[in-house]
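# Architecture at a glance
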Amino acid sequence: MSVDVQLRFDSEAITEYSKANQEPAWFLEKRLAGLKAAGELKLPALEKTKIDKWNTTEFDPFQTAATVATANELSELVKAQIDVDSVKNLLVQKNASSVFEAVSDELKSKGVIFTTLAKALVEHSDLVQKYLWNVVAYDEHKLTALHTAVVNGGVFLYVPKNVEVEVPLQVVFEVAGDHALLSPHVLIVAEANSKVIYVDTFVSGEGTSMVANSIVEVYVGAGASVQVASVRSLSTDVHDYSFRRATVDRDGKMEWILGEMNDGNTVANNTTILKGTGSTAETKSISVGTGSQRQNLTSQVQHIGTHSESDMVSKAVMTGESVSILNGITKIEKGAEKANGVQAENILMLSEKSRGDANPILLIDEDDVKAGHAASVGRFSEESLYYLMSRGITRQNAERLIILGFLDPVVAEIPVEEVRNRLRQALERKLG
């Protein structure tokens, strides 16, 4: 058996895992192509962040976990993210195993497919193949190639034409164990005039040298509406890499609500491609940097369709010796007439040793458009502190109220109450 250089796994291990899960031949071929590309490609070039010494390959990709029959049997860590007494549409993955799946008959009766990627590859192979790796290329860089080689779970969500799903669909991803890997691929397809809300949470248990390397691909059909909310609360023992991308057709709407609450080093890239006339995108994200944490967070919108609109808001709070790079990129292509793209990056500094960089970028190749950006990096407003303290509030509580008020407009948008509450708790924890 020949072991691939610098990796803890090889092509034989990948093939064995793929066949054990009855994956179609085309998927195994893509895995092996990803493995080959991973040995040839470079890591992504990131603004002001070097990740060559971060853990990108030191993991055992196919660690399994036991399934459970009821939500009450899930780990306490997972149960804290859900309403155990009212589980209807929920998927739970731990490491390389799907440990719990509950999908309502009502959802199935509408023709909606909400299942694990592994099951979808067996039961809906042609449909999955039609969309998979079309928005995020498997060989975009070393991390996407590695993800392709060792995909160990994920979600397939398909909403047929004219179907509206009123209740949020929830997924919890957990990673735990020494050298454990969480590498889910989430594929969301919303056909014309459909509507869906997808919410996921990433959590970690005990373990060392863990890695999360995830991809989300979203297809928004004509007149469709998709909302994706994601909260990541991974520990300092996890290096987290996430690449999310959506393509939006005519009059479609894509909304991202992102809470980057990790304690460890993080790379996140969130891109929306507005292909159709009248397509829109909203991106709202918050992050908190603590300790010696390093974060590189990019939000990007590419305007191709005419009369397309985008709005990006990124907020970060910095403590300790943490470093956060917030990149906002609005790209308006030639021919995207009447496009309107705005963005704002705001960083609140709580420590003299922390560093926050806000980088708003406008790339405009069309004349008949509107575009604007705003960026701020600063400390507390002493006026605001004085006002609150004059009402009998201690300085510590006044600072806390200002911070939460700074971030809460995004937190309040999370569509699942349990996830929203856990995000607020994560904020309290990270801010001490």
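What you see is a predicted model; the values in this text were computed from it and never measured.

## Things to note about the overall build of the protein chain
Each helix and strand in the protein chain was counted, giving ten helices and 20 strands. For the protein chain, whose C-alpha radius of gyration is 21 Å, the value lies close to the compact-globule estimate of 22 Å for 432 residues. A principal-axis box enclosing the C-alpha atoms of the protein chain has dimensions of 65 × 50 × 45 Å. Among the 432 residues that make up the protein chain, the fraction classed as buried is 57%. Working note: accessible area of the protein chain is about 17700 Å², and carbon and sulfur atoms make up 47% of it.

## Quick word on unusual backbone geometry
Of note in the backbone geometry, Trp133 takes a positive phi value of approximately 60° without being a glycine. In this fold, Trp133 is placed in the loop between helix H6 (125-131) and helix H7 (142-150). In this structure, His307 takes a positive phi of about 55° despite not being glycine.

## Notes on the side chain of Lys79
Within the element layout of this structure, Lys79 appears in helix H3 (residues 76-79). In terms of polar contacts, Lys79 uses its side chain to reach the side chain of Glu76, at 3.0 Å.

## Here's the deal with H7
A large share of H7 lies buried, amounting to nine of its nine residues. For H7, the complete set of buried residues consists of Lys142, Leu143, Thr144, Ala145, Leu146, His147, Thr148, Ala149 and Val150. In the core, the buried residues of H7 are packed alongside helix H1 (11-20), helix H2 (25-38), strand S6 (181-182), strand S7 (184-190), strand S9 (210-220) and strand S11 (238-248).

## Focus: H1
Residues of H1 that are buried: Ile14, Thr15, Tyr17 and Ser18. Along the axis of H1, the buried positions cluster into a sector of 165°, meaning they face one direction only. Residues of H1 that are exposed and angled more than 90 degrees away from the buried face: Glu16, Lys19 and Ala20. Taken from the residues just after H1, Gln22 is the one with a positive phi, measuring 55°.

## Side note on the packing of aromatic side chains
Under the defined criterion, the tally for this structure stands at eight aromatic pairs. When the centroid spacing of 5.6 Å and the interplanar angle of 20° are considered together, the rings of Phe9 and Phe59 count as stacked. Taken together, the positions of Phe9 in the segment before H1 and Phe59 in the loop between H2 and H3 put the pair 50 residues apart, joining distant regions of the chain. Phe59 shares its class with Phe9; the two are buried. Taken together, the ring pairs connect Trp26, Phe27 and Trp133 into an aromatic cluster. A cation over an aromatic ring shows up here: Arg232 above the ring of Phe202, its NZ or CZ 3.8 Å from the ring centre.

## Considering the UniProt feature "domain: SUF system FeS cluster assembly SufBD core" (unreviewed entry) in the protein chain
In this structure's numbering, the residues bearing the UniProt feature "domain: SUF system FeS cluster assembly SufBD core" (unreviewed entry) are residues 177-406. Spanning residues 177-406, this segment combines 9% helix with 59% strand, and its end C-alpha atoms are found 35 Å apart.

## Considering the pairing of strand S15 (residues 294-303)
Looking along a regular strand, one sees side chains alternate from face to face of the sheet. In terms of burial, S15 is largely enclosed, as seven of its ten residues are buried. Direction of pairing for strand S13 (residues 266-274) relative to S15: parallel, over a ladder of nine bridges. Within S15, the residue paired with Val267 across the bridge is Asn296. Sheet topology places S15 next to strand S17 (residues 323-332); ten bridges connect them, and they run parallel. Counterpart to Val301 in the pairing with S17 is Thr330.

## Observations concerning the environment of Leu274
In this structure, Leu274 sits in strand S13. Taking the relative accessible area as the measure of exposure, Leu274 reaches 0% and is therefore buried. With 127 residues separating them in the primary sequence, Leu274 and Leu401 have C-alpha atoms 37 Å apart. If near-sequence neighbours (up to four positions away) are discounted, Leu274 is found in contact with Val248, Ser279, Thr280, Ala281, Val301, Gln302, His303, Ile304, Gly305, Ser308, Glu309 and Ser310.

## Things to note about the pattern of salt bridges
One pass over the structure, following the stated rule, counts 25 salt bridges. When the shortest N-O distance is used, the salt bridge between Asp357 and Arg355 registers 3.6 Å. Accessibility expressed as a relative area gives 16% for Asp357, which makes it buried. On the basis of relative accessibility, which here comes to 38%, the residue Arg355 falls in the partly exposed class. Measuring nitrogen to oxygen at the nearest pair gives 3.2 Å for the salt bridge that ties Glu399 to Arg395. In this pair, Glu399 and Arg395 are both assigned in helix H9 (residues 395-411), four residues apart and thus about one turn of the helix distant. One network of salt bridges, in which partners are shared, links Lys253, Glu255, Glu282, Lys284 and Glu413.

## Quick notes on the sheet that holds strand S16 (residues 309-318)
With mixed pairing, the ten strands of this open sheet are ordered in space as S2-S1-S5-S8-S10-S12-S14-S16-S18-S20. Each end of this open sheet is capped by a strand with a single partner; those strands are strand S2 (97-102) and strand S20 (370-378). Going from strand to strand, the sheet's axes swing by 10° on average, the running direction of each strand aside. As paired elements, strand S12 (residues 253-260) and strand S14 (residues 280-289) share eight bridges and run parallel to each other. Looking at the pairing, Lys253 lines up with Thr280 of S14. On the sheet, helix H10 (residues 417-430) packs against strand S5 (169-175), strand S8 (195-204), strand S10 (225-233) and S14 and is oriented at approximately 35° with respect to S14.

## Here's the deal with the side chain of Ser104
By the secondary structure assignment, Ser104 is in the loop between S2 and helix H4 (105-109). With sequence-adjacent residues up to four places away left out, Ser104 is seen in contact with Lys88 and Asn89.

Cut-offs applied
Residues numbered from 1 in each chain as written. Predicted model: local features only at pLDDT ≥ 70, side-chain atom pairs only at ≥ 80, totals over all residues. Heavy atoms only, no water. Helix = DSSP H or I, 4+ residues; strand = E, 2+ residues; numbered from the N terminus. Rg over C-alpha atoms; globule rule 2.2 N^0.38 Å. Buried < 20%, exposed > 50% of the residue type's maximum accessible area, 1.4 Å probe, protein only. Areas by Shrake-Rupley, 256 points an atom, 1.4 Å probe, with all protein chains shown as cover. Polar contact = N/O pair within 3.5 Å; in protein donor to acceptor, adjacent residues only side chain to side chain. Contact = heavy atoms within 4.5 Å. Arc of directions from axis to C-beta. Phe/Tyr/Trp six-rings, centres within 6.5 Å; stacked < 30°, edge-to-face > 60°. Lys NZ or Arg CZ within 6 Å of the ring centre and 35° of its normal. UniProt positions renumbered as here; feature names shortened; annotations may be inferred. Pairing = 2+ DSSP bridges. Salt bridge = Lys/Arg side-chain N within 4 Å of Asp/Glu carboxyl O. Axes fitted to C-alpha atoms, helices over the stretch in contact; angles between N-to-C directions.

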